[in-house]
Structure formats: C-alpha cells, structure tokens
Amino acid sequence: MNGLRMAALALVILGTARGATNGQESAARSYALGGVERPATIAVRVAYATIEVTGADRDDVLLQVTPIVPEGASPTDAAILAGTSFVSPVVDGNLMRIDSPDNTQPLRLELQVPRAVNLELQSSNGGRITVRDVEGALSIENSNAGVTFERVAGSALVATSNGSIVGEFVSLTPGAPMSFATSNGAIDVTFPPDLRADLLLETDNDGFTSDFPVDAGEQGAGEPLPRGRRRFTGRVNGGGPLLRMQTENAPIFLRRGGGH
Amino acid sequence: MTHDHGCTECGVADLLMWRSGDADASLRDRVGAHLEVCAVCRATLAEFDVGCDSYATVPLPALDPERYARMLRRATLASPARPAWPWRIAALLVLAFGGGVVATMLLLPGDGTPRPLVASLRQGTPHERLRAAVTSAVEAAPPQELLAALLDALRSDPSTNVRLAALDALRGRPLTPRQGQLLVDAFADQTHPLLRKSLIELYVAQEVREAVPLLRAVLDGDSDASVRNRARWALEALS
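Residues numbered from 1 in each chain as written. Chains lettered and ligands numbered in written order. Predicted model: local features only at pLDDT ≥ 70, side-chain atom pairs only at ≥ 80, totals over all residues. Heavy atoms only, no water.

S.K.: What am I meant to see in the overall build of chain B here?
M.R.: For chain B, the helix and strand inventory stands at 14 helices and zero strands. Listing the helices and strands of chain B from first to last along the sequence gives α-α-α-α-α-α-α-α-α-α-α-α-α-α. Of the contacts formed within chain B by residues at least 6 apart in sequence, a portion of 65% connects residues at least 24 apart. (Helix = DSSP H or I, 4+ residues; strand = E, 2+ residues; numbered from the N terminus. Contact = heavy atoms within 4.5 Å.)

This is the structure in structure tokens:
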C-alpha cells in the first residue's frame, strides 16, 4: 500500500511540475512596457544567474526563468523548484526591473526584448551573460564568468572577473565613451571599420593586438607601474571618444569587422 | 547665437545651459559630444566654475575622535578659505555676453545645486556617469565639489568601469591630506580585484603615504595573491 501511495504521489508531483527537471524549460511570460519614451530600459540584477538577452521584432518583453536543478535531484525537489518564483519583475513606465541580488538558486534567465533597448545586466557566480541583436546602451557587470555580445549597435560598459569579454559591434553611438574591464580573461571586441577612438589600454606582458592602425600617444610619462604592467594610449582613425580596456593575465584584441 | 570666446561651433549660452542642467536632450547631446573634442569650450566652462567648500557633504568614515581631530587640523592648514568674489566676476562675464537668464542663475546665492558633471556622476545612467568621469579627467582645475563626487563614485558607484574612470580622473590631481585619507578609506569598498590593484597603483602614483599601514594589512591578509603582490610592490615604492 505504501508503495502505491508513493507512486501516486510521484505521479501527482510530476503531473503538476512544469517540466523543470534537470534544467528543462519553465513557462515563459510576457511583460508589456509602459510609458512613451523609447528606448525602454531593462535592468536585471540577479545573483547566480546565466542571462541571455536577444533582440526581436516585438514591443514587449518575454521572460523565461529556468531553475538549474542539480543532477540527481529528486522529482520532488525539481517540482518544488518549478513552482517557485525566484524573481518578481516590475514594470514602471518604460523601465522594467528584475531585482534579486540575494538569490542563491542557480537560474537561467532568457529574455526576448525589443531590438531598441537599453540594458543594465548584473549577475555573479552564475554563468555567462550573453546579449544579441540589440541597439542601445549596454551596461553589464558579471563575476566569475564571461560576457558575450553579438551584433550589437550602440555602446557598452562591460566588467567581469575570471572571464573573457567577447563582443561585436555592427555600429557605434557617436561620441559615446566605452569601457571594458576584466581580470584573468581576454578582451576580444570587433568594431565597425569606421571606429574613431582615443585608446587607453591597460594590460601586462600579453599586450594587445589591433587590426586598426594606432597612432601611439605618450606612454605613461614616468608614472610608476608594477613590472610587467603596461598602460598604453593611442588614437584610432584620428581619435574620438575614450575606448578603455583593462585586463591582466590575458591579451586584448581590437578587431575590425565588416560594419553595418 | 554665437559668442566670441574662441569657438565658432558652440556658444557660451549653450555651454552655460548645458552646465546648469537646463539643456534639452538635443542640446545636451550636442554640447556633451563637442566638449570631448574642444579644449577651448572646456576652458571657457572652467572659467565659470566656482570653488565651494562642499566637502562637508562627503560622508566621513567612522573615526576615533583623536584621529578625526588630527585630520581636521591638517585639512584646515592645507585648505585656505576661498574668496566669494569669483561669483561676481563670473556674473559680469555672462552679462557681458548677453546671457541674461543664465546671469540671473549665477547671481543667486549658491544653494549647493550640483553642476552638470557632478549631477551626472551622482544621478545619471551608467553611461552618463562614465561620460562625466571621463570628462572630469580632462578638467584643468576641477572644483572641490567635483573631486568629492569622484571620490564618492570610487567608493560606491555600482559600475566597475565608472569607478575605474573616477580613478583615472583623480590620477595626477593634487590632493589634500583629507582627500588622501578618503582615497585610502576607499580601498575597503572595492570588491573587484582589478579595482583594488588599480587603487594601490594610484597610491604609489600620488605618493599617498597614508596608505602604508593599509598596504601592510593587505600584504598580510588579502584573499587574492595578485593583490598581495601589488601591495608588496607598492610598499617598496613608497618606502
């Protein structure tokens, strides 16, 4: 009898679980953005999260939150995770916030957003943050994981640690300074061929590689630096807004793409 | 409307509107982008900056009374009182250029309203804060209010990149002993190892000897080996 009861209980749990066993998808939900000013801003601050944002032809935001269930977890645990709301998005006019900085459950957040959007993404100890196909101002903070952005138009501030920053701009916001910083990870960014920038690069013996001709400026005019550290200034295409890149124990690549 | 201050692309009235925070988005963007490439306009803006002792707005870390008293004595000796007459000179210059509305704003008694760079550093979006810190780095003579905002950004800005830009803007600036101590106290607010190491490099570059006790503690106890190595280098450089 006990065995039958257990089997029945398991069937009920499995029947009500929304397929969140071992990282399977949970239900996605749509959020309408208010206000009239565009682009809207989407701010995500969730610890222990892998975040993927993709621009699409839509006016709302589609959010899917999947708890990452440890291997070997019981169906009961998986069902409990599936039924738990770990984040509570709030929309206030043209600002959407997903705020859970004290979260401890590993999550995968997948967002489909309007193509024209400003993003403020922050996580730690989760996984890579990835952004694709958007146009706007990106501000991304991560730690112990990398950051990737693909086919982005606009500008970016990106910082992480123990992870690489890999990205591609198809076009840039005129006059916008940008900054990329990591430790123990390469910075590898592709820019459109009409990049104009004043470079400030900080790296160590690994140095940097540039597809763009760089006019070297004054090199740290007498300022003391630890052995092996280098601070390099220069100009690309006559100069422009500041492009700052800082890493250590890894190289910096400025690549020239095909543009937009 | 253009005014002969040496730049034909941007008039004084536009600069002052931008500076006051009353510019619309179009003007704000245009002037902001222009300031990055025009030293003449930056110099014109600097002439209208008025020093003010807004250091009282910087929250002080908890200190024991004796140490606080010593710090105040050093700060008083290092910082002579600023005269009020630059307000009048700035107002006369604006009147001479015919900016009546802006002149009225300058003649009003100071009420601590932040200037655009300071306001952007404290309240802007991440990109506005980065732009403000980057622009601050090329200010020839940043007012105390701006230095205070940069120190605040170093301690509490949510963006690692804005903090790094604030460090850049502070590099090479003459600092009062009080500001030097705030720079030392800022170390405790840095969780990113890049920031801890960059700040240690700044202590050496600025010869902040007040940092020596901190560096000894970092050498003994920081969890990151590369930060400890940087502290060792800094102690040798400052000795």
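Read on for the rest.
S.K.: Any chance you could explain the side chain of Gln206 of chain B here in plain terms?
M.R.: Summarising the element assignment, Gln206 of chain B is placed in the loop between helix H12 (193-205) and helix H13 (212-221). On the accessibility criterion, Gln206 of chain B (18% relative accessible area) is buried. (Buried < 20%, exposed > 50% of the residue type's maximum accessible area, 1.4 Å probe, protein only.)

S.K.: Teacher, can you tell me more about the pattern of salt bridges here?
M.R.: Opposite charge on two side chains permits pairing when their charged atoms draw close. The tally for this structure, following the rule as stated, stands at 21 salt bridges over all chains. For Arg235 of chain A, the salt bridge goes to Asp198 of chain A, with nearest N and O atoms at 3.2 Å. With a gap of 37 residues between them, Arg235 of chain A in strand S18 (residues 230-236) and Asp198 of chain A in strand S15 (residues 197-203) connect regions that are remote in the sequence. With a shortest N-O distance of 2.7 Å, Arg244 of chain A and Asp168 of chain B are connected by a salt bridge. Residue Arg244 of chain A is found in strand S19 (residues 242-246), and its partner Asp168 of chain B is found in helix H10 (residues 160-170); the two belong to separate chains. Across the pair, Asp168 of chain B and Arg244 of chain A agree in class, each one buried. The network of salt bridges with shared partners includes Glu202, Arg231 and Arg244 of chain A together with Asp168, Arg171, Glu201 and Arg230 of chain B. (Salt bridge = Lys/Arg side-chain N within 4 Å of Asp/Glu carboxyl O.)

S.K.: Help me understand helix H2 (residues 25-35) of chain B, please; the structure alone is not making it clear to me.
M.R.: One full turn of an α-helix is made of 3.6 residues, so residues set three or four places apart face in the same direction. Residue and element names in this part refer to chain B. When H2 is considered as a whole, its buried residues turn out to be Leu27, Val31, Gly32, His34 and Leu35. Projected down its long axis, H2 carries its buried residues within an arc of 165°, all on one side. Exposed side chains of H2 directed beyond 90 degrees from the buried face belong to Ser26 and Asp29. (Arc of directions from axis to C-beta.)

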